[in-house]
Amino acid sequence: MRAGEALERLSAEGPLVHHITNYVTVNLVANVTRCTGALPVMAHAAAEVEEMEEAASALVINIGTLDEALVESMILAGRRANRRGIPVVLDPVGAGATSLRTETAGRLLSGLEIAAICGNAGEISTLAGLAAEVRGVESISGDPLKAVRLAAEKLSATVAATGPTDYVSDGERVLAVRNGHPLMGRVVGSGCAATAVVGCFAAAGGGDAETVANALAYLGRAGELAAQDATGPGTFEPLWLDALAELAASPAGLEANLRIEEAA
Amino acid sequence: MRAGEALERLSAEGPLVHHITNYVTVNLVANVTRCTGALPVMAHAAAEVEEMEEAASALVINIGTLDEALVESMILAGRRANRRGIPVVLDPVGAGATSLRTETAGRLLSGLEIAAICGNAGEISTLAGLAAEVRGVESISGDPLKAVRLAAEKLSATVAATGPTDYVSDGERVLAVRNGHPLMGRVVGSGCAATAVVGCFAAAGGGDAETVANALAYLGRAGELAAQDATGPGTFEPLWLDALAELAASPAGLEANLRIEEAA
Amino acid sequence: MRAGEALERLSAEGPLVHHITNYVTVNLVANVTRCTGALPVMAHAAAEVEEMEEAASALVINIGTLDEALVESMILAGRRANRRGIPVVLDPVGAGATSLRTETAGRLLSGLEIAAICGNAGEISTLAGLAAEVRGVESISGDPLKAVRLAAEKLSATVAATGPTDYVSDGERVLAVRNGHPLMGRVVGSGCAATAVVGCFAAAGGGDAETVANALAYLGRAGELAAQDATGPGTFEPLWLDALAELAASPAGLEANLRIEEAA
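Where an unreviewed UniProt entry is consulted, chain A appears under the name Hydroxyethylthiazole kinase, with the organism given as Rubrobacter taiwanensis. What the UniProt record of chain A gives under Cofactor (unreviewed entry) is the line "Mg(2+)".

Here's what the structure looks like:
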């Protein structure tokens, strides 16, 4: 689904997007979801995640600050989401940095049907079994184009690697998304924001490569607009939210500015 | 207590307001408390919440991201607050969305003396036993005017339902607060912020309907001022904090701009 | 190490700074770390903190919202950091306010080698065994100059007390840092931000008094610049991040504006 249609549906329907996520960027993730037109809910207790899934239109799992109890809730929620047939989107934050993160990503991928995975080049390279360096939650090295295709094939999911250029693959084609601005990489949580927008678009249009690429292009386009008035990463963040909300409210001219192309 | 007196007392005395709250909006809640003139503290460990209550002038309980351990701490803190005679303010976030949230709100209301309850129309309708739809933490339907009166009567507390117009009742009268701006509804945490301000005002003036209405009117007035310079929900939030701080520092002309009236 | 050299190293090397911190100010702490040029990672699970330490260049422990499990992770991470010889920086948030916080600070100080401690006057006075009042996490009274010298001597660490004037001591000399702006004290998390910057500078230059004083002066100088355009505490925070990033990117003229002097 293309960006215009996805944003129109989100504004019209206000679907619930359930996030089980980290406590570092949770506020940004919730606000990004809200600006996109969906309704965010953050709930992590094993006692309620399955019931919350009954009302949700997508589930976003982000392992940015995980521990054992949280992983159990992710699996409970994910299974219920799978049973209901709503898309599950995974952000494997820090996969490659510690074995807990790499193994948790693997456990979620083997135990759940994941529609789309969104991470940085290092994280996706790790999932693809390629050489990579992830320092904390930052990608130091990794080959995003090769990684998304290989990971998508191996994991039977749409896979996106975000960076200066974002790459998205369904295992066959690879799309390159060239919207964005360097300030996005200076804000803590821009990767989590990308996964959140992918989750919102998936709630409207599913997790195919075109929908995921359109989500990332929309986020990047908002970043281009925000950068015009920002004086640094601090002022960029609120302006980015403003731009997301403005594009979501008036998506008419948006698609002409999205730079999505076949990469290979 | 009216807004001018409440804000003067808060600035003069800097009372401690203890929040046991969610990790989504906790930073906003703390900053709102600070801008209002009170001193926020967020502490959730069962090992310290009772001792923290000894220094506090109000306790705010927000169930936005609850789990079992947190509820135990809420009850420990609430009992100590009741014993000390300081007001306890409850935000029943998501009551009506999952049984965990609805039941936890009920458990807190039956086990503690709550001075004031502040939620959205759907949450308050749920507590009042009226038909309502709460999607995640967002009110989709509910009758706020009817709900606040019924809930206040049933629960023997001041009850506020926030929305385009806020309604506040003590079970007899209903006050309507008409300050505010639509951007408030676009920021994640505006409901939590409302409850935080109610907690601060309660620390100064208790939890009666007039004090609660004045707290919400002050927050709404700050929203009106912030909206003048905001270009969307992202830039609105920091400007809202600025306006809260400015009105708190110079409350002289504030009350003339507050729109509180008998609703029924 | 002086500020110019520290910032140049941080930008060139992008060292990982591992924070085990509170959920109130964690986003600000991460963004401050990123703006300074280091790479932040927030990870708290006992299952991964030791492995994360292997890649880290400094560990920052902040007890702002602690519970038992978190303290265990702090000790595991701290021991590994000590074994690797990387600096450990402690923010004893709320020491003096509850016995849990005072005792936890003591437990960390006796079980770990702490390179630098950074808190407010009340917290540092508490650690020094001097009379103090800490209301929640706010310093109400305490003698910072006396406290830093005494605490540094007693605890064999560099000790900083932040406030209108910051004081830093290694047990012999005391440095006064006179950069800063009153708006810093109105933002929730400015103390946590100070400790984060100390952690970043420690990753580059270690935890000696000169390096710690330079970190605080850099943060204060950024506050002075941010205050020029801020209209209150809300707009101050993003501008503060912008100023930190700008000074980090171009540290050439910075040191001429730092006001560090021998205090006693």
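What follows picks up the thread again.
A.B. asks: How should I be thinking about the side chain of Glu48 of chain C in this particular structure?
C.D. replies: Considering the arrangement of structural elements, one finds Glu48 of chain C in the loop between β2 (39-42) and α3 (49-55). A polar atom in the side chain of Glu48 of chain C sits 2.7 Å from the side chain of Thr98 of chain A. Dropping the residues within four chain positions of it, Glu48 of chain C is found in contact with Leu66, Thr98, Leu100 and Arg101 of chain A together with Ala43 of chain C.

A.B. asks: So what exactly am I meant to see when it comes to helix α9 (residues 209-227) of chain A here?
C.D. replies: Within an α-helix, residues lying three or four positions from one another point in the same direction, as the helix has 3.6 residues per turn. Residues and elements named next belong to chain A. Between its terminal C-alpha atoms α9 stretches 27 Å, which fits the 27 Å expected from 19 residues at 1.5 Å a residue. α9 sits mainly inside the fold: 17 of its 19 residues count as buried. Capping the start of α9 is the job of one residue whose side-chain oxygen sits 3.2 Å from the backbone nitrogen of Glu210: Asp208.

A.B. asks: Sorry, what's going on with the packing of aromatic side chains here?
C.D. replies: Where two aromatic rings form a pair, the distance of their centres and the angle of their planes describe that pair. Residues and elements named next belong to chain B. Summed over the entire model, instances satisfying the criterion amount to six aromatic pairs over all chains. Pairing Phe236 with Trp240 gives two aromatic rings, centres 5.2 Å apart and planes at 35°, and the pair type is tilted. Taken together, the positions of Phe236 and Trp240, both in helix α10 (residues 233-249) and four residues apart, correspond to about one turn of that helix. With a relative accessible area of 2%, Trp240 lands in the buried category.

A.B. asks: Is there a simple way to explain the relation of the copies chain A and chain B in this structure?
C.D. replies: Here two copies of a chain appear, and what relates them is a rotation about an axis with a shift along it. Once turned by 120° and shifted 0.0 Å along the axis, chain A lies on chain B with an RMSD of 0.0 Å. Put plainly, the chains are arranged around a three-fold axis. Within chain A, the C-alpha atom positioned nearest to the axis of rotation is that of Tyr23 of chain A, 3.7 Å from it.

A.B. asks: What's the story with a negative patch on the surface in this structure? I'm lost.
C.D. replies: Taken together, the side chains of Glu153, Asp170, Glu172, Asp208 and Glu210 of chain A make up a negatively charged region of the molecular surface. In this fold, Glu210 of chain A is placed in helix α9.

What counts, and at which threshold
Residues numbered from 1 in each chain as written. Chains lettered and ligands numbered in written order. Predicted model: local features only at pLDDT ≥ 70, side-chain atom pairs only at ≥ 80, totals over all residues. Heavy atoms only, no water. UniProt positions renumbered as here; feature names shortened; annotations may be inferred. Helix = DSSP H or I, 4+ residues; strand = E, 2+ residues; numbered from the N terminus. Polar contact = N/O pair within 3.5 Å; in protein donor to acceptor, adjacent residues only side chain to side chain. Contact = heavy atoms within 4.5 Å. Expected span 1.5 Å × (residues − 1). Buried < 20%, exposed > 50% of the residue type's maximum accessible area, 1.4 Å probe, protein only. Phe/Tyr/Trp six-rings, centres within 6.5 Å; stacked < 30°, edge-to-face > 60°. Least-squares fit on C-alpha atoms with pLDDT ≥ 70 in both. Patch = residues over 30% accessible without salt bridge, like charges linked within 9 Å, V, L, I, M, F, W, Y side chains within 5 Å. Areas by Shrake-Rupley, 256 points an atom, 1.4 Å probe, with all protein chains shown as cover. Salt bridge = Lys/Arg side-chain N within 4 Å of Asp/Glu carboxyl O. Lys, Arg positive; Asp, Glu negative; His and termini not counted. Charge placed at Lys NZ, Arg CZ, Asp CG, Glu CD.

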